[in-house]
Amino acid sequence: MAVPEDTVLIGDGGLATELEARGNDLSDPLWSARLLVDAPEEIAAVHRAFFAAGAMYATTASYQASFEGFAARGIDHGGTVRLLRRSVDVARAAGGSWVAASIGPYGAALADGSEYRGRYGLSVAQLESWHRPRFEVLAEAGADVLALETVPDVDEAEALVNLVQALGVPAWLSYTIDGVYTRAGQPLAEAFAVAAGVPEIVAVGVNCCSPDDVLPAISLAAETGKPVIVYPNSGEQWDSGRRAWVGPSRFSTRLVPQWVSAGARIIGGCCRVRPADIAELAAALR
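This is a predicted model, so every value here is computed, not measured.

1. What to know about the packing of aromatic side chains
The full count for this structure, using the stated rule, is seven aromatic pairs. For the pair Tyr106 and Trp130, a centre-to-centre distance of 5.1 Å together with 90 degrees between the ring planes defines the contact as edge-to-face. On the criterion of sequence distance, the pair formed by Tyr106 in helix α6 (residues 106–110) and Trp130 in helix α7 (residues 124–139) is long-range, its members being 24 residues apart. For the pair Tyr106 and Trp130, one class covers both residues: buried. Here the aromatic rings of Trp172 and Tyr231 are separated by 5.9 Å at their centres, their planes lie at 75 degrees, and the arrangement is edge-to-face. Taken as a pair, Trp172 in strand β5 (residues 171–175) and Tyr231 in strand β9 (residues 228–231) lie far apart in primary sequence, 59 residues in all. On the basis of relative accessible area, Tyr231 is assigned to the buried category, the value being 5%. Three or more aromatic residues joined by ring pairs form one cluster here, namely Tyr57, Trp98, Trp172 and Tyr231.

Structural data, given as structure tokens:
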């Protein structure tokens, strides 16, 4: 995957959001990865919807997929390998220019919201060991790039970058943030520095954060000398008690020129960002 200096690539949006909008129940520890088992055609339909809206790549439904998670559903090692590969195959068959294989953080597999806290009590070596099996499968599955996304702290980023270097595969590194800090409270400049000088990391940035936090993060990410990727959520807040999104959406194309001027070269959306939003984004960038 190469990012032209004079071009802005358009990403997709919230896969799970659109799956739910189509009537799929994702109240499951596997989240959208459950549909790799039950209804891969639904995932394909959402990929196609984002492509039709102007997205240039599809992010696979593997964010919350793990060997442990599938094992809890009675799926053996070989079955999990096939499902991880299926996530790439489904995205590839949907069309578009390229496929980003999603590798979510350890906390996502716990399905308890800890990806927004980090600090799991595991060492870098332990995190690297946990990520490696899924990482190896997705690296060999034919995706164009690995999306190391919603990373909440530097320790996990170090583990992921170590694996990228060991396997020699292209990847982007994207943190979930609060202001100019990782969710674990580390300065974002220090977090991005983990990727500096690592040629396999082809872009750095932020995702699953408020649109209001994107602009300050871009300048910090650009200090690595790498292309910057941003794909925030809508700005709405998840109310766990009510199990509902609350507050207004702040995902607005009015922010996009600022992001581009600051150096963003890949722009998309995350939770609650729908194909209509991506269509508006594509129109604004045209």
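2. A look at the sheet that holds strand β3 (residues 98–103)
Pairing within the open sheet is parallel, and its eight strands lie in the order β1-β12-β9-β8-β5-β4-β3-β2. Taken across any chain shown, the strands that pair with only one partner, and hence form the sheet edges, are β1 (9–10) and β2 (57–59). In the sheet, β9 pairs with strand β12 (residues 264–267) via three bridges, with the strands oriented parallel. Across the sheet, Ile229 pairs through a bridge with Ile266, a residue of β12.

So, how was this worked out
Numbering of residues begins from 1 in every chain and follows the order in which that chain's sequence is written. Per-residue local features of the predicted model are confined to residues with pLDDT of at least 70, and side-chain atom pairs are confined, for both listing and counting, to 80 or more; whole-chain, interface and lining totals are unaffected and use all residues. Values shown for side chains rest on all heavy atoms present in the structure; no hydrogens or waters enter the calculation. A pair of aromatic rings is counted whenever rings of Phe, Tyr or Trp (Trp by its six-membered ring) have centres within 6.5 Å, and the orientation is called stacked for planes under 30 degrees apart, edge-to-face for over 60 and tilted otherwise. Elements are defined by DSSP. Helices are runs of H or I of four residues or more, strands are runs of E of two residues or more, and each kind is numbered from the N terminus. To sort residues, take the accessible area from a 1.4 Å probe on protein chains only and compare it with the maximum for the residue type: under 20% means buried, over 50% means exposed, and anything in between is partly exposed. One requirement defines pairing of two strands: DSSP has to find at least two bridges between them.

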